[in-house]
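The residues making up each chain are set out below.
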Amino acid sequence: MAGSRGGKRLGAGRKPGSQSRATREQKATLSELARAHTKTALATLARVAAKGVSESAQVAAAIAILDRGYGKPMQGHEHSGPHGAPIPVADLSRVSDEQLAALESVFGPLAGSGRDDGGDPHGASPTGG
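Residues numbered from 1 in each chain as written. Predicted model: local features only at pLDDT ≥ 70, side-chain atom pairs only at ≥ 80, totals over all residues. Heavy atoms only, no water.

Moving on, we come to unusual backbone geometry. Even without being a glycine, His83 presents a positive backbone phi close to 60°. For His83, the position within the fold is in the loop between α3 (55-70) and α4 (97-107). Classification of His83 as exposed rests on a relative accessible area of 87%. (Helix = DSSP H or I, 4+ residues; strand = E, 2+ residues; numbered from the N terminus. Buried < 20%, exposed > 50% of the residue type's maximum accessible area, 1.4 Å probe, protein only.)

Relative to the helices and strands, Val48 resides in helix α2 (residues 38-51). Residue Val48 is classed as partly exposed on the basis of its relative accessible area of 23%. Along the sequence, Val48 and Gln58 sit 10 residues apart, while their C-alpha atoms lie 5.6 Å from each other.

Let's shift gears to a nonpolar patch on the surface. A cluster of nonpolar side chains, contributed by Leu92, Leu100, Leu103, Val106, Phe107 and Leu110, occupies part of the molecular surface with about 580 Å² of accessible area. Among the structural elements, Leu92 can be located in the loop between α3 and α4. (Patch = residues over 30% accessible without salt bridge, like charges linked within 9 Å, V, L, I, M, F, W, Y side chains within 5 Å. Areas by Shrake-Rupley, 256 points an atom, 1.4 Å probe, with all protein chains shown as cover. Salt bridge = Lys/Arg side-chain N within 4 Å of Asp/Glu carboxyl O.)

In the predicted model, the chain carries a mean pLDDT of 79, and 81% of its residues have values of at least 70. Across the chain, the secondary-structure element scoring lowest on mean pLDDT is helix α1 (residues 24-36), at 78, and the one scoring highest is α2, at 92. This stretch, residues 125-129, has a pLDDT under 50; its non-local contacts, to residues over four places away or in other chains, come to 0 contacts. (pLDDT = per-residue confidence, 0-100. Contact = heavy atoms within 4.5 Å.)

Attention now moves to the packing of α2 against α3. Between α2 and α3, the least distance of the axes is 7 Å, while the angle of their chain directions is 140°. Put simply, α2 runs oblique to α3. Two packed elements cross with a definite hand, and for α2 against α3 that hand is left-handed. Residues Leu42, Leu45, Ala46, Val48, Ala49, Ala50 and Lys51 of α2 form the contact with α3, whose participating residues are Ala57, Gln58, Ala61, Ala62, Ala64 and Ile65. (Axes fitted to C-alpha atoms, helices over the stretch in contact; angles between N-to-C directions. Parallel < 35°, antiparallel > 145°, perpendicular 65-115°, else oblique. Left-handed = near helix turned anticlockwise from the far one by under 90°.)

Structure (structure tokens):
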């Protein structure tokens, strides 16, 4: 009996290249089946939103209806500088090489890895081209 339990067995498992049981067609069929119940599900949500036992159930149902009808609302993010002022931006396009070297010596270590190749993939070419 020893050795007959567990471990890798010849011929066991799915064959390489074969599809799993949940093929694309079956998944599509499941979606179609779910969509067939849309009317009933929406009516249930509407009933709960109007006459639900608890206020939290009513709110949850109302949110579900709105999310399906209009999509989930986008969450806005507003960025600003100190005290709500605009974020300060420095124009370094007219800075001398010496000034850039001084800035690099101060801010370079803050960049993290320290493996800066010296180039800016989105900026001007270092050769001026």
